[in-house]
Structure formats: structure tokens, C-alpha cells
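Take a look at the letters that make up each chain.
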Amino acid sequence: MIYSSYLNKSLNVSHHLDGFNYNPSLRKVLKCYMIKRLKTIIKNKGNTIMRLNKIDLHLHSSVSNDAQFSPNQVMKMCAESGLEIIAIADHNSIGAFHIAQQAISDQKLDLKLIPAIELDCTHKGVNLHILGYGIDPDEPWFSKYSQTIDEEDRNLSDLRANKIRELGIFLEDDELNKHRINGILTGEMIGEVALEDKRNDDNVFLKAYRSGGSRSDNPFVNFYWDFMAQGKIAYVEVNFISAEEAIQRIKAAGGFAVFAHPGNNIGMDEELLKDILDLGLEGIEVYSSYHDVIKTQFYREKALSRNLLMTLGSDFHGKSKPSIKLGNFNCVDEKELTKAFLNRKEIQTYL
Ligand SMILES: [Fe+2]
């Protein structure tokens, strides 16, 4: 029942039936049919029904080593997609903000850009991402942290590649070097090189990431998640700050902290969630490309019960996650959430 009402609201089923108001029983039958049909499509396509939104608060530019498009390109694409309120939340860096702001001004784009960041951090041994909104884009601590993490990533890059080679997957050094950015090899880059190497054509480990395979929707990042993310066989540990420090740093820079795509990092672990929210988070990224209907509902309820801000973000990266499109995710309460977000005092300066 809750699921049906969620589908009804999220996909605006009632609106599509407005023409049938004169015949309530036919309207009822059609509504049941539409909801049933949508459930089937969701079941068959893995919850991929999406609709466009005007707001997307979780985008990545090439300032993130794992994203494809420059800040200028992302701005142009956002405007073309019909987005109006956006935030580039690069990994550990606010470096794209001024570039993107300049692009908006130069190209006279109708976009409101909110300064944001996505900090890598850890809590009780679990790696998390915390989003910071409304932060001072010139806060020096962020660039220092970004440099520290980049340095560590650079030093660990070859170890990452070698762990994949130990699985019998071929990786050509020249190809890896072509993909490196600032000397860094991300898991997604390693996945891309592995999948392009002809010597791996028959490797069963890689079958799922090739066309038609079960993990082929976002092959490079899925490779990373399956082999190289925390707890996986080729994981290499990086020293991140604590989640508590991440939240404090965001607040000290004038912003507020939001738990990014929690379903992706902690599933639906109630105890861990409570623990993390108690650290001082002020919002949850309820609407995320990574959350299916069940996880969205779970986090929506948690946010409502604790009176936390709900946010929405696609986590657009470009080629490493090709199935994720700008502003393209389910959100039942876009208007209300947008209003609540824009009402935050930390955001007012940027409107
Ligand atoms: Fe992200």
C-alpha cells in the first residue's frame, strides 16, 4: 500500500488520469493498471524509472579524479538539461566553484550554483561520504585535505593496479599511464584499462561488466565497487579524517553537513545510522541514484522522524557512471525540498 502510494505520488499517476474524472470507476481501474505496470517495469529494470528534476545537488566535475567533464562543460550541460539549482560536490575539493561560477556568468546561463564538497571520511572503520553545502569556497583547509588525499592516492596507485593483476587480470603499464590524472590511478581507471585490454577478453571476472552483463550499466565504477571498494579483494586503505571532523570542518567553513547516499555506504543499518546522525549531520541525501524505492522510503522516514533536511543528488560523473544522468532520479517532494534547502541561512549568500 505504501509502495503504491509512493509510486502514485512519485510518478504523478493521478495527474495522468485527470481526463478520466467523469468516470470514477474507469479512473480507478486505469490507476490500478498503471501502478501495476510501473511495478513490473521497476522489477524488470532494477528500479531505473527516473524523471527529470530542476535541482541536482550532487554533481562531479573533472576536479574529481574520477569524473569526466570540466566545470565549464558541466555548467553547459546542466543548463541544457533544464536544471536550475545545482551544486558541484567534488571529492574533497571546492576547486571547481569559481570556474563554474565564471562559466555561468560568461555564458549567461540561468543556473544557481551552490558551493559544495563531498568529503571522504570514516566512522567506526566504515568509509563514508559527507556533503557540505554553503561552505566558503576559499576555505584553505579543503585544499590542504585534497592535496593530502591526492598524495596518498598517488602513492597507492600502483599497489591498487598490482592487486588487480594478482587476480589474473592483465593491465598494460602504458595504458595505465595514459589514464593517470596527476599521477593517480582510480579504481574506475583500472577497470577501464582492464576492460579494453584484449588479453582479458575471455576473463570470467570481467564478463559481468561487458555489454549485456549484469554490471554493465556503470561498468567502470561497478568494477571498482566489486573489486576495490572497502572490504573487497583488492581494497587499499586510505587514511581519511573521521566523520566527526568532516562535519566540524564543514560547519567551521560556514556550511551544513549532509549524509551522502547513505544506502550505498551503510545499507539500512539502523544502529550505525543513528550513531552517524548523532555526530551532527543536518541532512540526508534521501533521493540518490543509488537508492531504490525501499532505501529511499527508509531514509525519507528517518529524515522526517529526526526533522532533518532531505536533499537530492544524482552523483553525476560522466563515463565512469554512464547510467547516471544529470537531474535524473526519483523525487516525490522536489518543490518542498528545494524550498527547505534554499531557506537555509548558509545558502542565502549564494542566491
Ligand atoms: Fe559523489
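Along each chain, residues carry numbers from 1 onward, in the same order as the chain's sequence is written. The predicted nature of this model means local features are confined to residues of pLDDT at least 70 and side-chain atom pairs, given and counted, to a pLDDT of 80 or more, with totals for whole chains, interfaces and linings taken over all residues.

1. A look at the overall build of the chain
Move 1: Counting from the N terminus, the helices are the DSSP runs of H or I reaching at least four residues and the strands are the DSSP runs of E reaching at least two. The secondary structure content of the chain amounts to 15 helices and nine strands.
Move 2: Residues with at least 20 other C-beta atoms within 10 Å of their own are called buried, those with 12 or fewer are called exposed, and the rest are partly exposed. The C-beta atoms themselves are positioned from the backbone. Across the 351 residues in the chain, those meeting the buried criterion constitute 39%.
Move 3: Pairs at least 24 residues apart make up 71% of the contacts formed inside the chain by residues separated by at least 6 positions. Here the contact rule is simple: place C-beta atoms from the backbone, and any two residues whose C-beta atoms are within 7 Å are in contact.

2. Structural notes on helix α9 (residues 219-228)
Given 3.6 residues per helical turn, the α-helix brings residues three or four places apart onto the same face.
Move 1: α9 sits mainly inside the fold: eight of its 10 residues count as buried.
Move 2: The set of residues buried in α9 consists of Pro 219, Phe 220, Val 221, Asn 222, Phe 223, Tyr 224, Phe 227 and Met 228.
Move 3: Contact partners of the buried residues in α9: α6 (140-165) and α8 (187-196).

3. As for the sheet that holds strand β3 (residues 112-113)
Strand pairing in a sheet relies on backbone hydrogen bonds. The paired strands run either parallel or antiparallel.
Move 1: DSSP bridges decide pairing: two strands pair if at least two such bridges lie between them. The strand order across the open sheet built from three strands is β1-β2-β3, with neighbouring strands paired in parallel fashion. One side of each edge strand has no neighbouring strand; the edge strands of this open sheet are β1 (55-59) and β3.
Move 2: Direction of pairing for β1 relative to strand β2 (residues 85-88): parallel, over a ladder of three bridges. Across the sheet, the residue bridging to Ile 55 is Ile 85, located in β2.

4. Description of the sheet that holds strand β5 (residues 126-133)
Move 1: Read from one edge of the open sheet, six strands run β6-β4-β5-β7-β8-β9, paired in mixed fashion. Each of the sheet's edge strands pairs with one partner strand only, and the pair in question is β6 (241-242) and β9 (309-313).
Move 2: Here strand β4 (residues 116-123) runs beside β6; their pairing, made up of two bridges, is parallel. When the bridges of β6 are listed, Thr 122 appears paired with Ser 242.
Move 3: Helix axes use the C-alpha atoms of the stretch in contact, all axes being lines fitted to C-alpha atoms, and the angles between their N-to-C directions lie in the range 0 to 180 degrees. Along the sheet, helix α13 (residues 293-305) makes contact with β8 (283-288) and β9, crossing β8 at roughly 155°.

5. Brief notes about the confidence of the model for the chain
Move 1: The pLDDT averaged across the chain works out to 88; a share of 85% of its residues lies at or above 70.
Move 2: Every residue is assigned a pLDDT by the predictor, reflecting its confidence on a scale from 0 to 100. Every residue in residues 6-20 scores below 50 in pLDDT, and together they form 24 contacts with partners more than four places removed in sequence or on other chains.
Move 3: This stretch, residues 36-49, has a pLDDT under 50; its non-local contacts, to residues over four places away or in other chains, come to 12 contacts.

6. Thoughts on the pairing of β8
Move 1: Among the six residues in β8, six count as buried, and that is most of the element.
Move 2: Pairing between strand β7 (residues 256-259) and β8: two bridges, direction parallel. Each bridged residue has a counterpart across the sheet, and for Phe 259 the counterpart in β8 is Ile 284.
Move 3: When β8 meets β9, the two strands line up parallel, connected through five bridges. Across the sheet, Ile 284 pairs through a bridge with Met 310, a residue of β9.
Move 4: Whether a crossover is right-handed depends on one test, that the path from the first strand over the helix to the second runs clockwise when the strands point away from the viewer. The handedness of the β8 to β9 crossover, carried by α13, is right-handed.

7. Points about the packing of helix α4 (residues 71-81) against helix α5 (residues 96-106)
Move 1: Viewed as axis vectors pointing N to C, α4 and α5 meet at an angle of 50°, and their least axial separation amounts to 8 Å. Taken together, the axes of α4 and α5 are oblique relative to one another. You can see that α4 and α5 cross each other, and the crossing is right-handed. Residue-level contacts link Pro 71, Asn 72, Val 74 and Met 75 of α4 to Ala 96, Ile 99, Ala 100, Ala 103 and Ile 104 of α5.
Move 2: Here the residues of the contact of α4 with α5 are counted per class, giving eight nonpolar, one polar and no charged. Put simply, angles under 35 degrees are roughly parallel, angles over 145 are roughly antiparallel, angles from 65 to 115 are roughly perpendicular, and the rest are oblique. Handedness of a crossing follows from how the near helix is turned relative to the far one, being left-handed for an anticlockwise turn of less than a right angle and right-handed for a clockwise one. Here the nonpolar group is Ala, Val, Leu, Ile, Met, Phe, Trp, Tyr, Cys and Pro; Asp, Glu, Lys and Arg are the charged ones; every other residue, Gly included, is treated as polar.

8. Notes on the nonpolar core
Move 1: Counting 62 residues, the largest nonpolar core has Ala 87, Ile 88, Ala 100, Ala 116, Ile 130 and Ala 257 as the members making the most contacts within it.
Move 2: When neighbours within four sequence positions are excluded, Ala 100 is seen to be in contact with Pro 71, Val 74, Met 75, Ile 88 and Leu 113.
Move 3: Residues enter a nonpolar core if they are buried, belong to Ala, Val, Leu, Ile, Met, Phe, Trp, Tyr or Cys, and are joined to the set through C-beta atoms within 7 Å. Ile 164, Ile 190, Tyr 209 and Phe 223 belong to the second-largest nonpolar core, a separate cluster that totals 18 residues.

9. Notes on the pairing of β1
Move 1: Burial analysis of β1 places five of its five residues in the buried class, the great majority of the element.
Move 2: In this region the chain leaves β1, passes through α4 and returns to the parallel neighbour β2; the handedness of that crossover is right-handed.

10. Observations regarding the packing of α8 against α9
Move 1: Contact geometry for α8 and α9: axes closest at 8 Å, N-to-C directions at 110°. One element, α8, and the other, α9, form an angle in the roughly perpendicular class. Residue-level inspection shows Gly 187, Glu 188, Gly 191, Glu 192, Ala 194 and Leu 195 of α8 in contact with α9, the latter providing Pro 219, Phe 220, Val 221, Phe 223, Tyr 224 and Met 228.
Move 2: Looking at side-chain class alone, the contact of α8 with α9 contains eight nonpolar, two polar and two charged residues.

11. Describing unusual backbone geometry
Move 1: The backbone of Lys 108 sits at a positive phi, close to 50°, despite the residue not being glycine.
Move 2: Within the secondary structure, Lys 108 is located in the loop between α5 and β3.

12. Topic: the environment of Val 204
Move 1: Looking at the secondary structure, you find Val 204 in the loop between α8 and α9.
Move 2: You can call Val 204 exposed: it has 7 C-beta atoms within 10 Å.
Move 3: C-alpha of Val 204 to C-alpha of Ile 169: the two residues are 35 residues apart in sequence and 9.9 Å apart in space.

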